[in-house]
Amino acid sequence: MTYSLTRRAALIASASAALLALTSAPSQAAAKIQRLVSPGGIEAWFVQDATVPLIAMEYSFSGGASQDPPGKPGVGNLVADLLDEGSGDLDSKTYHERLERRAIELSFQSNRDQFRGSLRMLKDNKDEAYDLLRMALSSPHFEPKDVERIRAQVISNLRRESTNPSSLAGRKFLELAFGDHPYARTATGTLESVPTIEISDLKDYTRRIIARDTLRIAVVGDVDPDTLGKLLDKTFGGLPAKAELTPIADVVVTKPPQRAFIPLDVPQTVVTFGGPGINRHDPDFMAAYVVNHILGGGGLSSRLYKEVREKRGLAYSVYEALVWMDHSALFIGNTGTRADRAGETVDAIDAEVRRIAEQGPTQQELDEAKSYLKGSQMLALDTSSKLAQAMLQYQLDKLPIDYIEKRSAIVDAVTLDDVKRVSKKLWGDGLLTVIVGRAPQAAAQPASAPPKAAN
């Protein structure tokens, strides 16, 4: 019997059902984050919360897709899919049966800068859960039959993405934004690269990336500090002391305006747009975060939604977000529309971006955005898992341990002059735009910005 990605999804769903009633209970301990250091010197941010008998842990190692070998994007992603496909003295089938029997949720992910993991379990199953994680990190099998099975599933997904307009637009946007930098590579790899990945690549990536010196941990749940410290030592203490990371250069997103068009015979045209963003530790970051909420991050209340959806009926939804990474930052947005209205949609987005760059938001828009962002914070941290995810991200962003307590004051300090200045800084140069859809879209582009042929 083999375990496919579909089977894995079924196991996760089963575990989620067992934990759902527990994880829906709000965490009451957001302001009680403590820095825990295990007897072996492993550090974690920790919230002890006995509201429900559950433990949620999020953790990461520096690396991610940017550490994939040259010419082989997708190695980290394949490792993430394979770490729980047999380890220690357990084959893949037995390993997953133990997860399912104890309703343990365990997963791995390779994103742009980190190799991340998530673990959730009932309090009574913590010893087995942490032991299964220890085996996955320290002694994965990478059995040829498992590697080929997972590789086939990844390739199948990549084939589907090759005709998906949103996937094509996202990939092209990264190429346009980052050129030959590692950030231009997609974490899942390509149809050309994934078949060339060897087991030795997987083992080498694991050896280089999974190490204690870049480990960051966040834990929320019903466990005392002494017990947690011992669990962390047992789980992570045997890993290599130092990672072997390839240096990654800082990179600035390609300066707008630029436009690319990819012909694809699909009913709906997809538009992905963006440009250079703002780094997390830039003094203007919070001003940018607030004004971005006004432009495109505020859902039904955003300017883009009102202009593109409500006033013109051009798209069902449109969004835009800030994205910050270790070595760069950007803003990126997306929408989908009818092919015969794609040109009008792009023009509407361009016009609204120009308007906010030139004029900034109003005082009323600023006040409403600040009120929403302050009020929504606790709702965004209302489960153990959400709080653990936020605590891990704060560590990766190098924010202080009491950031949750300080955030509202930081939002309050943003002024109208701040957001007007940042609006011009972010959007004053226009947009990088990628359009994927039927050929008539090409004729809808302004003569001043002819579409570029896709590579």
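Our structure is the block above this text.
About the criteria used
Residues numbered from 1 in each chain as written. Predicted model: local features only at pLDDT ≥ 70, side-chain atom pairs only at ≥ 80, totals over all residues. Heavy atoms only, no water. Helix = DSSP H or I, 4+ residues; strand = E, 2+ residues; numbered from the N terminus. Buried < 20%, exposed > 50% of the residue type's maximum accessible area, 1.4 Å probe, protein only. Contact = heavy atoms within 4.5 Å. Areas by Shrake-Rupley, 256 points an atom, 1.4 Å probe, with all protein chains shown as cover. Axes fitted to C-alpha atoms, helices over the stretch in contact; angles between N-to-C directions. Parallel < 35°, antiparallel > 145°, perpendicular 65-115°, else oblique. Pairing = 2+ DSSP bridges.

Student: Got a minute to help me understand the overall build of the protein in this structure?
Tutor: On a plain count of helices and strands, the protein comes out with 16 helices and twelve strands. For the protein, the proportion of its 455 residues judged to be buried stands at 54%. For the protein, the share of sequence-separated contacts (at least 6 apart) that also reach a separation of at least 24 residues comes to 82%. Here the protein displays about 19,600 Å² of accessible surface, and carbon together with sulfur accounts for 52% of that area.

Student: Would you explain the packing of helix H12 (residues 363-375) against helix H14 (residues 403-412) in this entry?
Tutor: Packed helices, taken two at a time, are described by their axes: the angle between them and the distance between them. Orientation of H12 relative to H14, taken along the N-to-C sense of each, is 175°, at an axis distance of 10 Å. Judged by the angle between their axes, H12 and H14 are roughly antiparallel. Of the residues in H14, those in contact with Lys370, Leu373 and Lys374 of H12 are Arg407, Ser408, Val411 and Asp412.

Student: Sorry, what's going on with the environment of Pro256 here?
Tutor: Counting through the fold element by element, Pro256 comes out in the loop between helix H8 (225-236) and strand E7 (258-263). Each residue touching Pro256, except ones within four places of it in the same chain, is listed here: Gly274, Gly275, Pro276, Asp429, Gly430, Leu431 and Leu432.

Student: I keep staring at helix H10 (residues 303-311) and nothing clicks. Help me out?
Tutor: Residue pairs spaced three or four apart in an α-helix point in one direction, given the helix's 3.6 residues per turn. Of all the residues in H10, the buried ones are Arg303, Leu304, Tyr305, Glu307 and Val308. Buried residues along H10 sit in contact with strand E8 (268-276), helix H9 (285-297), strand E9 (318-324), helix H11 (342-359) and H12. Note on H10: the residue one or two positions beyond its end, Gly313, has a positive phi of about 60°.

Student: Please explain the pairing of strand E3 (residues 54-62) as it appears in this structure.
Tutor: Residues in a regular strand project their side chains so that they alternate between the two faces of the sheet. Within E3, eight of the nine residues are buried, which leaves it mostly tucked inside the rest of the structure. As paired strands, E3 and strand E5 (residues 114-122) are joined by nine bridges and run antiparallel to one another. In the strand pairing of E5, Met57 is matched with Leu119. Strand direction decides the pairing type here: E3 and strand E6 (residues 216-221), joined by six bridges, are antiparallel. Across the sheet, residue Met57 finds its bridge partner in E6, namely Val219.

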